[in-house]
Structures are given as C-alpha cells and as structure tokens.
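Inside the fold
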Amino acid sequence: MKMSFRWYGESDPISLEYIRQIPNMHSIVSAVYDVKPGEVWPEESIAKMKQQCEENGLVFDVVESIPVHEDIKLGRGNVEHLIDVYCENIRRCAKYGVKCVTYNFMPVFDWTRTQLDKKAPDGSTSLVMYWEQMKGLDPLKDDIHLPGWDSSYTQEEVRELISAYGEIGEEGLWINLEKFLRAVVPVAEECGVRMAIHPDDPPYPIFGLPRIITCEENLDRMLAIVDSPANSLCFCTGSLGSAAFNDIPKMVRKYSGMDRIAFMHIRQVKLLEDGSFEECGHLSDNGSLDMYEIVKALVDTGFDGYVRPDHGRMIWGETGKPGYGLYDRALGATYINGLFEACEKAGKENK
Ligand SMILES: [Mn+2]
C-alpha cells in the first residue's frame, strides 16, 4: 500500500513540511481548488502542485476530487460538454503523474453531519450526525444550513435541485452514472488512471435525495457497468460503515480480491442505537469497525493501492478544518502503518 494524506493546497494550515514527517508518508491527495465544477483545470496549477509535493519528498499522484457537475448527475443541460471537460481534466492530471482520481455521485451535498465539534469525554472534538438534531428539518420549507453543505447555493437553488433529483429518482441517477462512466472510464484507462468513486456519506437517502453508492448490491451494480480496474472504488470505511447493514471487512475482502479498490479511506465510526453516528479515534476499540480485520483483508488480498487516514478528531488544542487536523490523522496513519506491518509479517510467517 501507499500511505497518503489529504492536503488542501497552500491555504491548508498544515504544511507539506509537516506532512512529510509522518512515518511512511508517500502521496499527497489534493485537487485544483481555484476553478468551479465543469471548468478545465489550468495545467500550471496541476504542475505547481506536483512541484510543491516533490520539493518535500512527496508524490502528487492522487486527486480528490474532480467534482462531477450537478447537471451530469441530473442528465440535463450541456452534459456532453461537461463530460468532455471532465475527460480533459483526467488527461491533464495524468500528464503530471496522477494515477488515481476520486469523485462522488452524491446529489447536492457531499456529506451530512449535524455538528462538527462534538466534545467527547476526553476533551477531543469530532464530527457527528445525530438524528435528534436532524428532526424536523426540511430544506424544502426551512432556510437550513447544515455543516458541510455548499454555501454557494441559495435556498431557492437548493429547493430546485432537490425537486429535480426527486423527479429523476434513484433509477434516473443510475442512468446518468452509467452515461458518465461509459464516457470517462475509457479515457482513464487510456492514460493509466484509476477512477475511484467515493460512497455516499451516509449511505442512505437524506431529505428524500436519491443515493445509490451505498451497499454491496449497489457497488456490484456500479462496478459491472464498466468491468475494468479503471472503474474502481474509493472504499471509505467510515461512510459505508455508518450504516449497520454494511459488513465492512467482508466487503473490503471481496472488492480488494477483485482488484477493484484503488483507494482506501480508513476511518473509524461509532454507530449509536438510533442510527446516529460519531466519528472517533481510529482504534478498533474506539468505534464500531474492526480495523484489524479491515487491514488483514487488504493484506490477504495483496492490496497495493492508496490508503489515507480519512478524518481525524481535533486533539491537543488544534484548530482548523474539522476532520482535517494534523495530529489525529497522523496518529491514524501511524496506527494503520502498524496494522499493515503486523499483518504482512504474520502473513509471511504463516506461509
Ligand atoms: Mn471518505
């Protein structure tokens, strides 16, 4: 595996000089942030990112993400042009050494939480989603702003998008995903890039918005649309694991065994009785996911893709982008490194 770390570019309070000091750090996961979805990424911006990483002994070979324009997901407007732009961005990234491009197909909102700084008994804070806090919220009626929601939309635009997705429903979203994959995957294949779809977070409908990258049955369906390693998963344990119906170690073993995981987001999550969930420390004991079984499944199946600690808590007084502090993600990387070393050595001894 190649250990990686998400970096938000020059505006990120965490420097590449610090990231490189995390043991076993190999790759930077980033994107071009100064253009809107649906626009071509300037080559100078990609080249600059590559150079900054290389100056710090790191490799910029994972993009997270090239966002998919809402009109592609809705199958309306100038979809052909938007898909052409998307393909051009894949080519441009590949030209500068990118091997993996992450994206998602979630309507309107990338992720949903109700609080970004929930304090745990040990004083650390993390992102949570509590149904108690969701109760009674209706974006069609109220002017609500949940953390993580794109604030560039007006309430009117949000309502319009929600009703447009309501009209196409899940099957409409599948049709538009299929169209997208059939156009994009051959281009990725041609330039040696693996497309990695990030699952919906959380993996069930929110406010009636259709969500399809949610469970084993749907992942099977998605991978079958184009049967190629260039059409792969960004397997996010925290996103898929925030629903009890997903057996995460089993799914990791299956999809890694099929060579259809390009990128692993390894994150712990603690499921509560009412279906709410809290992000927490990476250790198996801290949450609902057995991290040892997850890493063992990867090692047993010869996984050689990218891994990153996904989110972390805020600890030791750190402030910054919720989920993306330095300290707890670094602790996560170190814990994951340890699990890999132990599983790899045990695997060799057993041979
Ligand atoms: Mn993730």
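In the block above lies the structure referred to throughout.
Just so it is clear, the model here is predicted, and its values are computed rather than measured.

To continue, consider the overall build of the protein. Counting secondary structure elements, the protein contains 11 helices and 12 strands. For the protein, the C-alpha radius of gyration of 19 Å lies close to 20 Å, the compact-globule estimate for 351 residues. Projected onto the principal axes, the alpha-carbon positions of the protein cover approximately 55 × 50 × 40 Å. By the burial criterion, 43% of the 351 residues in the protein qualify as buried.

Let's shift gears to helix H9 (residues 248-257). Within an α-helix, residues lying three or four positions from one another point in the same direction, as the helix has 3.6 residues per turn. The set of residues buried in H9 consists of Ile-248, Met-251, Val-252, Tyr-255 and Ser-256. Taken around the axis of H9, the buried residues stretch over an arc of 115°, which confines them to a single face.

On to the environment of Gly-323, then. Structurally, the position occupied by Gly-323 is in the loop between strand E12 (306-309) and helix H11 (327-349). The spatial distance from the C-alpha of Gly-323 to the C-alpha of Leu-116 is 8.0 Å, given a sequence separation of 207 residues. Discounting residues that sit within four places of it in the chain, Gly-323 has contacts with Leu-127, His-311 and Gly-312.

Take unusual backbone geometry next. With the exception of glycine, most residues fall at negative phi, and the peptide bonds are largely trans. With an omega dihedral of -10°, the bond running from Glu-64 to Ser-65 counts as a cis peptide bond. Examined against the element boundaries, Ser-65 turns out to sit in the loop between strand E3 (59-64) and helix H3 (70-74). Between Asp-201 and the following residue, Pro-202, the backbone shows a cis peptide bond with an omega angle of -5°. Counting through the fold element by element, Pro-202 comes out in the loop between strand E7 (194-198) and helix H7 (216-225). One non-glycine residue, Asn-24, lies in positive phi territory at about 70°. Its place among the elements puts Asn-24 in the loop between helix H1 (16-19) and strand E2 (25-30). A positive phi angle, close to 60°, is found at Val-108, a residue other than glycine. Looking at the secondary structure, you find Val-108 in the loop between strand E4 (100-104) and strand E5 (115-119).

Each value, and the rule that gives it
- Residues numbered from 1 in each chain as written.
- Predicted model: local features only at pLDDT ≥ 70, side-chain atom pairs only at ≥ 80, totals over all residues.
- Helix = DSSP H or I, 4+ residues; strand = E, 2+ residues; numbered from the N terminus.
- Rg over C-alpha atoms; globule rule 2.2 N^0.38 Å.
- Buried ≥ 20, exposed ≤ 12 C-beta atoms within 10 Å, placed from the backbone.
- Arc of directions from axis to C-beta.
- Contact = placed C-beta atoms within 7 Å.

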